[in-house]
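Overview (structure and organization)
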Amino acid sequence: MNPTSKIWVDGDLVPWEEATVHVLTHALHYGTGVFEGIRAYETDDGPAVFRLREHMDRLVASAKAYRIPLQLTGDELSEAAIEVIHANELGACYVRPLVFYGTGSMGLNPAGADVRAIIAAWEWGSYLGEEGVRNGIRVATSSWRRIDHTMLIPNAKGSGGYLNSVLAKQEALAAGYEEAILLNSDGFVAEGSGENLFLVKDGVVRTPTWLAGALNGLTRGTVITMLRDEGIEVIETNLTRSDMYYADEAFFTGTAAEVTPLREIDDRMVGNGRPGPITVRTQELYSAVVTGKLEQYRHWLEYV
Ligand code: PPE
(Lines give C-alpha, C1' and ligand atoms only; values in the text may rest on other atoms or scores of the structure.)
Protein backbone atom coordinates (compact mmCIF):
# COMPACT_ATOMS: atom_id res chain seq x y z
CA MET A 1 0.00 0.00 0.00
CA ASN A 2 1.36 3.41 -0.99
CA PRO A 3 0.84 6.09 1.66
CA THR A 4 -0.77 9.34 0.57
CA SER A 5 -0.11 12.67 2.20
CA LYS A 6 -3.25 13.35 4.29
CA ILE A 7 -5.97 11.50 6.19
CA TRP A 8 -9.15 13.20 7.38
CA VAL A 9 -9.42 12.67 11.15
CA ASP A 10 -12.42 14.07 13.04
CA GLY A 11 -12.73 17.04 10.72
CA ASP A 12 -9.05 17.84 10.12
CA LEU A 13 -6.66 16.76 7.41
CA VAL A 14 -3.63 15.35 9.21
CA PRO A 15 -0.38 13.94 7.80
CA TRP A 16 -0.62 10.21 7.03
CA GLU A 17 1.96 9.19 9.63
CA GLU A 18 0.28 11.22 12.37
CA ALA A 19 -3.14 9.60 11.88
CA THR A 20 -2.69 7.21 14.82
CA VAL A 21 -4.79 6.03 17.78
CA HIS A 22 -4.16 5.08 21.42
CA VAL A 23 -3.71 1.37 22.26
CA LEU A 24 -6.75 1.56 24.55
CA THR A 25 -9.02 2.48 21.66
CA HIS A 26 -12.31 0.67 22.35
CA ALA A 27 -12.72 -0.51 18.74
CA LEU A 28 -9.28 -2.10 18.80
CA HIS A 29 -10.36 -4.33 21.69
CA TYR A 30 -13.96 -5.08 20.79
CA GLY A 31 -14.40 -4.34 17.08
CA THR A 32 -16.80 -1.47 17.84
CA GLY A 33 -16.48 0.33 14.53
CA VAL A 34 -18.28 0.56 11.21
CA PHE A 35 -16.67 1.28 7.87
CA GLU A 36 -17.16 1.72 4.15
CA GLY A 37 -15.26 1.00 0.97
CA ILE A 38 -15.76 3.45 -1.90
CA ARG A 39 -14.04 3.88 -5.25
CA ALA A 40 -13.37 6.90 -7.40
CA TYR A 41 -12.64 6.57 -11.12
CA GLU A 42 -11.07 8.71 -13.81
CA THR A 43 -13.68 9.98 -16.24
CA ASP A 44 -13.60 12.36 -19.22
CA ASP A 45 -14.68 15.12 -16.84
CA GLY A 46 -12.07 14.38 -14.18
CA PRO A 47 -12.24 11.98 -11.22
CA ALA A 48 -15.67 10.97 -9.93
CA VAL A 49 -16.69 9.00 -6.85
CA PHE A 50 -19.11 6.18 -7.55
CA ARG A 51 -22.32 6.23 -5.47
CA LEU A 52 -20.63 8.28 -2.77
CA ARG A 53 -23.79 9.40 -1.01
CA GLU A 54 -25.23 5.88 -0.88
CA HIS A 55 -22.02 4.57 0.68
CA MET A 56 -22.06 7.34 3.29
CA ASP A 57 -25.76 6.73 3.97
CA ARG A 58 -24.93 3.06 4.52
CA LEU A 59 -22.17 4.12 6.93
CA VAL A 60 -24.64 6.25 8.88
CA ALA A 61 -27.10 3.32 8.91
CA SER A 62 -24.38 0.90 10.08
CA ALA A 63 -23.50 3.28 12.94
CA LYS A 64 -27.14 3.55 13.93
CA ALA A 65 -27.60 -0.24 13.83
CA TYR A 66 -24.64 -0.71 16.17
CA ARG A 67 -25.68 2.25 18.31
CA ILE A 68 -22.61 4.33 17.63
CA PRO A 69 -23.75 7.95 18.09
CA LEU A 70 -22.22 9.46 14.97
CA GLN A 71 -22.81 13.21 14.80
CA LEU A 72 -21.97 13.53 11.08
CA THR A 73 -24.51 13.40 8.27
CA GLY A 74 -24.22 11.62 4.94
CA ASP A 75 -23.69 15.03 3.30
CA GLU A 76 -20.89 16.03 5.67
CA LEU A 77 -19.15 12.68 5.24
CA SER A 78 -19.48 12.93 1.46
CA GLU A 79 -17.94 16.40 1.47
CA ALA A 80 -15.10 15.16 3.66
CA ALA A 81 -14.40 12.29 1.24
CA ILE A 82 -14.12 14.74 -1.66
CA GLU A 83 -11.81 16.88 0.48
CA VAL A 84 -9.51 13.89 1.10
CA ILE A 85 -9.32 13.05 -2.60
CA HIS A 86 -8.50 16.69 -3.39
CA ALA A 87 -5.92 17.00 -0.62
CA ASN A 88 -4.07 13.95 -1.89
CA GLU A 89 -4.44 14.90 -5.56
CA LEU A 90 -5.83 11.46 -6.31
CA GLY A 91 -7.61 10.35 -9.44
CA ALA A 92 -8.81 6.76 -9.42
CA CYS A 93 -8.62 5.63 -5.79
CA TYR A 94 -10.20 3.71 -2.94
CA VAL A 95 -11.78 5.66 -0.08
CA ARG A 96 -12.04 4.13 3.39
CA PRO A 97 -14.19 5.86 6.00
CA LEU A 98 -14.21 4.38 9.50
CA VAL A 99 -16.33 5.40 12.48
CA PHE A 100 -15.30 3.90 15.80
CA TYR A 101 -15.29 4.17 19.55
CA GLY A 102 -12.02 5.68 20.75
CA THR A 103 -10.73 6.06 24.29
CA GLY A 104 -12.47 6.95 27.54
CA SER A 105 -14.06 3.62 28.37
CA MET A 106 -12.85 0.06 28.87
CA GLY A 107 -15.12 -2.92 29.24
CA LEU A 108 -17.86 -3.82 26.85
CA ASN A 109 -20.04 -0.81 27.50
CA PRO A 110 -18.69 1.84 25.12
CA ALA A 111 -20.58 4.68 26.83
CA GLY A 112 -17.98 7.26 27.76
CA ALA A 113 -15.68 6.50 24.86
CA ASP A 114 -15.41 9.24 22.25
CA VAL A 115 -16.81 8.56 18.78
CA ARG A 116 -14.16 9.08 16.13
CA ALA A 117 -14.40 9.30 12.35
CA ILE A 118 -11.62 9.05 9.81
CA ILE A 119 -11.51 8.97 6.02
CA ALA A 120 -8.42 7.76 4.18
CA ALA A 121 -7.90 7.40 0.43
CA TRP A 122 -5.19 5.69 -1.57
CA GLU A 123 -4.59 4.09 -4.94
CA TRP A 124 -5.78 0.50 -4.90
CA GLY A 125 -5.63 -1.71 -7.99
CA SER A 126 -7.52 -4.94 -8.58
CA TYR A 127 -8.63 -6.50 -5.29
CA LEU A 128 -8.38 -10.05 -6.61
CA GLY A 129 -5.56 -9.39 -9.08
CA GLU A 130 -5.43 -8.23 -12.72
CA GLU A 131 -5.14 -11.83 -13.81
CA GLY A 132 -8.27 -12.70 -11.80
CA VAL A 133 -10.29 -9.92 -13.44
CA ARG A 134 -9.26 -11.18 -16.90
CA ASN A 135 -9.37 -14.94 -16.49
CA GLY A 136 -11.31 -15.60 -13.32
CA ILE A 137 -10.30 -16.82 -9.87
CA ARG A 138 -10.41 -20.16 -8.04
CA VAL A 139 -12.64 -20.18 -4.98
CA ALA A 140 -13.73 -22.70 -2.37
CA THR A 141 -16.69 -23.03 -0.03
CA SER A 142 -15.52 -22.10 3.45
CA SER A 143 -15.86 -24.29 6.51
CA TRP A 144 -16.87 -21.04 8.26
CA ARG A 145 -20.51 -20.00 8.03
CA ARG A 146 -21.48 -16.38 7.42
CA ILE A 147 -22.56 -14.40 10.50
CA ASP A 148 -26.33 -14.25 10.63
CA HIS A 149 -29.15 -11.98 11.76
CA THR A 150 -29.42 -13.73 15.14
CA MET A 151 -25.87 -12.86 16.21
CA LEU A 152 -24.75 -9.72 14.44
CA ILE A 153 -26.08 -7.38 11.79
CA PRO A 154 -24.96 -8.79 8.44
CA ASN A 155 -26.26 -5.78 6.51
CA ALA A 156 -24.11 -3.38 8.51
CA LYS A 157 -20.41 -3.12 7.78
CA GLY A 158 -19.36 -3.63 11.39
CA SER A 159 -15.63 -4.02 12.02
CA GLY A 160 -16.04 -6.89 14.51
CA GLY A 161 -18.14 -8.87 12.06
CA TYR A 162 -15.24 -8.92 9.66
CA LEU A 163 -13.37 -11.44 11.82
CA ASN A 164 -15.75 -13.91 10.16
CA SER A 165 -14.59 -12.79 6.70
CA VAL A 166 -10.93 -12.82 7.78
CA LEU A 167 -11.19 -16.45 8.98
CA ALA A 168 -12.77 -17.50 5.70
CA LYS A 169 -10.24 -15.58 3.60
CA GLN A 170 -7.22 -16.96 5.47
CA GLU A 171 -8.56 -20.50 5.22
CA ALA A 172 -9.11 -20.18 1.45
CA LEU A 173 -5.64 -18.73 0.85
CA ALA A 174 -3.95 -21.37 3.03
CA ALA A 175 -5.68 -24.08 0.98
CA GLY A 176 -4.39 -22.53 -2.27
CA TYR A 177 -7.59 -20.79 -3.40
CA GLU A 178 -7.96 -17.09 -4.04
CA GLU A 179 -11.20 -16.43 -2.23
CA ALA A 180 -13.84 -18.08 -0.03
CA ILE A 181 -17.59 -18.46 -0.45
CA LEU A 182 -19.51 -18.56 2.81
CA LEU A 183 -22.75 -20.44 3.29
CA ASN A 184 -25.18 -19.16 5.92
CA SER A 185 -26.23 -21.14 8.98
CA ASP A 186 -29.11 -22.69 6.97
CA GLY A 187 -26.65 -23.95 4.36
CA PHE A 188 -27.64 -21.49 1.62
CA VAL A 189 -25.01 -19.50 -0.23
CA ALA A 190 -24.41 -16.10 1.36
CA GLU A 191 -21.44 -14.40 -0.35
CA GLY A 192 -17.68 -14.16 -0.68
CA SER A 193 -15.51 -12.89 2.20
CA GLY A 194 -15.81 -9.35 0.77
CA GLU A 195 -18.00 -9.71 -2.32
CA ASN A 196 -21.52 -10.62 -3.39
CA LEU A 197 -21.98 -13.65 -5.62
CA PHE A 198 -23.88 -14.03 -8.89
CA LEU A 199 -24.53 -17.26 -10.83
CA VAL A 200 -25.70 -17.55 -14.44
CA LYS A 201 -27.63 -20.55 -15.68
CA ASP A 202 -29.31 -20.77 -19.11
CA GLY A 203 -29.08 -17.01 -19.58
CA VAL A 204 -30.76 -16.20 -16.24
CA VAL A 205 -28.77 -14.47 -13.49
CA ARG A 206 -29.31 -15.43 -9.85
CA THR A 207 -27.96 -13.95 -6.64
CA PRO A 208 -28.75 -14.64 -2.96
CA THR A 209 -31.25 -12.29 -1.31
CA TRP A 210 -29.96 -10.13 1.52
CA LEU A 211 -32.03 -12.36 3.83
CA ALA A 212 -29.38 -15.03 3.25
CA GLY A 213 -27.03 -12.83 5.30
CA ALA A 214 -25.16 -11.28 2.40
CA LEU A 215 -24.28 -7.62 2.61
CA ASN A 216 -26.74 -5.57 0.57
CA GLY A 217 -23.88 -4.57 -1.72
CA LEU A 218 -24.05 -1.37 -3.73
CA THR A 219 -22.18 -3.03 -6.59
CA ARG A 220 -24.69 -5.86 -6.40
CA GLY A 221 -27.50 -3.30 -6.75
CA THR A 222 -25.70 -1.56 -9.60
CA VAL A 223 -25.24 -4.84 -11.46
CA ILE A 224 -28.85 -5.92 -10.94
CA THR A 225 -30.09 -2.58 -12.32
CA MET A 226 -27.70 -2.62 -15.29
CA LEU A 227 -28.50 -6.20 -16.28
CA ARG A 228 -32.25 -5.72 -15.99
CA ASP A 229 -31.98 -2.57 -18.11
CA GLU A 230 -30.21 -4.75 -20.69
CA GLY A 231 -33.21 -7.10 -20.70
CA ILE A 232 -31.40 -9.86 -18.80
CA GLU A 233 -33.47 -11.60 -16.14
CA VAL A 234 -32.03 -11.32 -12.61
CA ILE A 235 -33.60 -13.28 -9.76
CA GLU A 236 -32.86 -12.78 -6.06
CA THR A 237 -33.35 -16.16 -4.45
CA ASN A 238 -31.89 -18.80 -2.15
CA LEU A 239 -28.97 -20.62 -3.78
CA THR A 240 -27.42 -23.90 -2.73
CA ARG A 241 -23.92 -25.25 -3.00
CA SER A 242 -25.02 -27.47 -5.88
CA ASP A 243 -26.40 -24.46 -7.78
CA MET A 244 -22.80 -23.27 -7.90
CA TYR A 245 -21.65 -26.54 -9.48
CA TYR A 246 -24.34 -26.38 -12.17
CA ALA A 247 -23.78 -22.73 -13.07
CA ASP A 248 -22.65 -21.79 -16.59
CA GLU A 249 -21.01 -18.63 -15.24
CA ALA A 250 -20.25 -17.14 -11.85
CA PHE A 251 -18.88 -13.78 -10.74
CA PHE A 252 -18.26 -11.70 -7.63
CA THR A 253 -19.23 -8.05 -7.23
CA GLY A 254 -17.91 -5.49 -4.77
CA THR A 255 -16.50 -2.00 -4.61
CA ALA A 256 -12.98 -3.36 -4.21
CA ALA A 257 -13.48 -6.50 -6.35
CA GLU A 258 -15.62 -4.72 -8.98
CA VAL A 259 -16.80 -7.58 -11.26
CA THR A 260 -14.50 -10.59 -10.94
CA PRO A 261 -15.23 -13.86 -12.76
CA LEU A 262 -14.94 -17.22 -10.97
CA ARG A 263 -13.28 -19.90 -13.02
CA GLU A 264 -13.38 -22.73 -10.48
CA ILE A 265 -15.59 -23.41 -7.48
CA ASP A 266 -14.54 -26.23 -5.13
CA ASP A 267 -12.22 -27.66 -7.83
CA ARG A 268 -15.02 -27.79 -10.40
CA MET A 269 -14.60 -25.73 -13.52
CA VAL A 270 -17.28 -23.08 -13.99
CA GLY A 271 -18.66 -23.47 -17.54
CA ASN A 272 -15.70 -23.97 -19.86
CA GLY A 273 -13.33 -22.29 -17.41
CA ARG A 274 -13.36 -18.97 -19.28
CA PRO A 275 -15.40 -15.90 -18.28
CA GLY A 276 -18.77 -16.34 -20.02
CA PRO A 277 -20.70 -13.82 -22.15
CA ILE A 278 -22.93 -12.41 -19.41
CA THR A 279 -19.96 -12.04 -17.06
CA VAL A 280 -17.92 -10.22 -19.70
CA ARG A 281 -20.90 -8.00 -20.58
CA THR A 282 -21.35 -7.19 -16.88
CA GLN A 283 -17.68 -6.22 -16.60
CA GLU A 284 -17.94 -3.99 -19.69
CA LEU A 285 -21.10 -2.32 -18.48
CA TYR A 286 -19.76 -1.80 -14.97
CA SER A 287 -16.60 -0.21 -16.23
CA ALA A 288 -18.59 2.05 -18.58
CA VAL A 289 -20.96 3.05 -15.77
CA VAL A 290 -18.28 3.93 -13.19
CA THR A 291 -16.29 5.96 -15.71
CA GLY A 292 -19.33 8.02 -16.71
CA LYS A 293 -19.59 6.63 -20.25
CA LEU A 294 -23.31 5.86 -19.93
CA GLU A 295 -25.52 8.92 -19.64
CA GLN A 296 -28.43 7.15 -17.92
CA TYR A 297 -26.29 6.15 -14.94
CA ARG A 298 -24.31 9.36 -14.59
CA HIS A 299 -26.40 10.38 -11.55
CA TRP A 300 -24.40 7.74 -9.64
CA LEU A 301 -21.21 9.77 -10.10
CA GLU A 302 -20.10 12.52 -7.77
CA TYR A 303 -17.47 14.53 -9.63
CA VAL A 304 -14.46 15.60 -7.59
N1 PPE B 1 -19.99 -8.47 1.02
C2 PPE B 1 -19.05 -8.15 1.93
C3 PPE B 1 -18.87 -9.02 3.13
C4 PPE B 1 -18.27 -7.01 1.71
O5 PPE B 1 -17.34 -6.69 2.61
C6 PPE B 1 -18.46 -6.24 0.55
C7 PPE B 1 -17.62 -5.04 0.30
C8 PPE B 1 -19.47 -6.61 -0.36
C9 PPE B 1 -20.21 -7.74 -0.09
C10 PPE B 1 -19.79 -5.80 -1.57
O11 PPE B 1 -20.41 -4.60 -1.19
P12 PPE B 1 -20.33 -3.28 -2.09
O13 PPE B 1 -18.93 -2.80 -2.00
O14 PPE B 1 -21.31 -2.36 -1.48
O15 PPE B 1 -20.69 -3.68 -3.46
N16 PPE B 1 -16.30 -5.15 0.75
C17 PPE B 1 -15.50 -3.95 0.88
C18 PPE B 1 -14.27 -4.20 1.72
C19 PPE B 1 -13.24 -5.11 1.16
C20 PPE B 1 -12.03 -5.16 2.08
O21 PPE B 1 -11.20 -6.05 1.90
O22 PPE B 1 -11.89 -4.30 2.96
C23 PPE B 1 -15.20 -3.32 -0.47
O24 PPE B 1 -15.38 -3.94 -1.51
O25 PPE B 1 -14.82 -2.15 -0.47
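Values in this document were obtained by computation on a predicted structure and should not be read as measured data. (Residues numbered from 1 in each chain as written. Predicted model: local features only at pLDDT ≥ 70, side-chain atom pairs only at ≥ 80, totals over all residues. Heavy atoms only, no water.)

**Concerning the overall build of the chain**
- The helix and strand inventory of the chain stands at eight helices and 17 strands.
- For 304 residues, the compact-globule formula gives about 19 Å, and the C-alpha radius of gyration of the chain, at 19 Å, lands near that figure.
- With the principal axes as the frame, the chain shows a C-alpha extent of 55 × 45 × 30 Å.
- Taking all 304 residues of the chain together, 52% fall into the buried category.
- A separation threshold of at least 6 residues defines the contact pool for the chain, and within that pool the share at least 24 residues apart is 69%.
- For the chain, the computed accessible surface area is about 13700 Å², with 52% contributed by carbon and sulfur atoms. (Helix = DSSP H or I, 4+ residues; strand = E, 2+ residues; numbered from the N terminus. Rg over C-alpha atoms; globule rule 2.2 N^0.38 Å. Buried < 20%, exposed > 50% of the residue type's maximum accessible area, 1.4 Å probe, protein only. Contact = heavy atoms within 4.5 Å. Areas by Shrake-Rupley, 256 points an atom, 1.4 Å probe, with all protein chains shown as cover.)

**Considering the environment of Thr 25**
- Within the secondary structure, Thr 25 sits in the loop between strand E2 (12-15) and helix H1 (26-30).
- Separated by 67 residues in sequence, Thr 25 and Ala 92 have C-alpha atoms that sit 31 Å apart.
- Residue contacts for Thr 25: discarding those within four places in its chain leaves Phe 100, Tyr 101, Gly 102, Thr 103 and Met 106.
- Of the polar contacts made by the side chain of Thr 25, one reaches the backbone oxygen of His 22; its length is 2.6 Å. (Polar contact = N/O pair within 3.5 Å; in protein donor to acceptor, adjacent residues only side chain to side chain.)

**Quick notes on the pairing of E2**
- Direction of pairing for strand E1 (residues 6-9) relative to E2: antiparallel, over a ladder of four bridges. Paired with Trp 8 across the bridge in E2 is Leu 13.
- Taken together, E1 and the strand that follows it, E2, pair antiparallel across an intervening segment of two residues, in which Asp 10 is found at a positive phi of about 50°. (Pairing = 2+ DSSP bridges.)

**A short note on the domain arrangement of the chain**
- According to the domain assignment, the chain consists of domain 1 (6-122) and domain 2 (130-290).
- Here the C-alpha centroids of domain 1 and domain 2 sit 26 Å apart.
- Taken together, the contact pairs 20 residues of domain 1 with 20 residues of domain 2.
- At the boundary of domain 1 with domain 2, total buried surface from both sides reaches about 1700 Å², with 60% on carbon and sulfur atoms. (Domains from an automatic or database assignment. Buried area = accessible area lost by both parts, 1.4 Å probe.)

**Describing empty space enclosed by the protein**
- Evaluated as defined, the whole model comprises one cavity of 30 Å³ or more.
- One number sums up the size of the largest cavity: a volume of about 40 Å³.
- Residue lining of the largest cavity: Asp 248, Glu 249, Ala 250, Pro 261, Leu 262, Val 270, Arg 274, Pro 275, Gly 276 and Thr 279, and that is the complete set.
- Sorting the residues of the lining of the largest cavity by element identifies strand E14 (249-254) and strand E15 (258-265) as the ones contributing at least two each.
- Its residues placed into classes, the lining of the largest cavity shows five nonpolar, two polar and three charged. (1 Å grid on protein atoms, 1.4 Å probe; cavity = no way out; pocket = protein on both sides within 12 Å on 5 of 7 lines; lining within 4 Å. Points joined across faces, edges and corners; volume = space filled by probe spheres on them. Nonpolar A, V, L, I, M, F, W, Y, C, P; charged D, E, K, R; others polar.)

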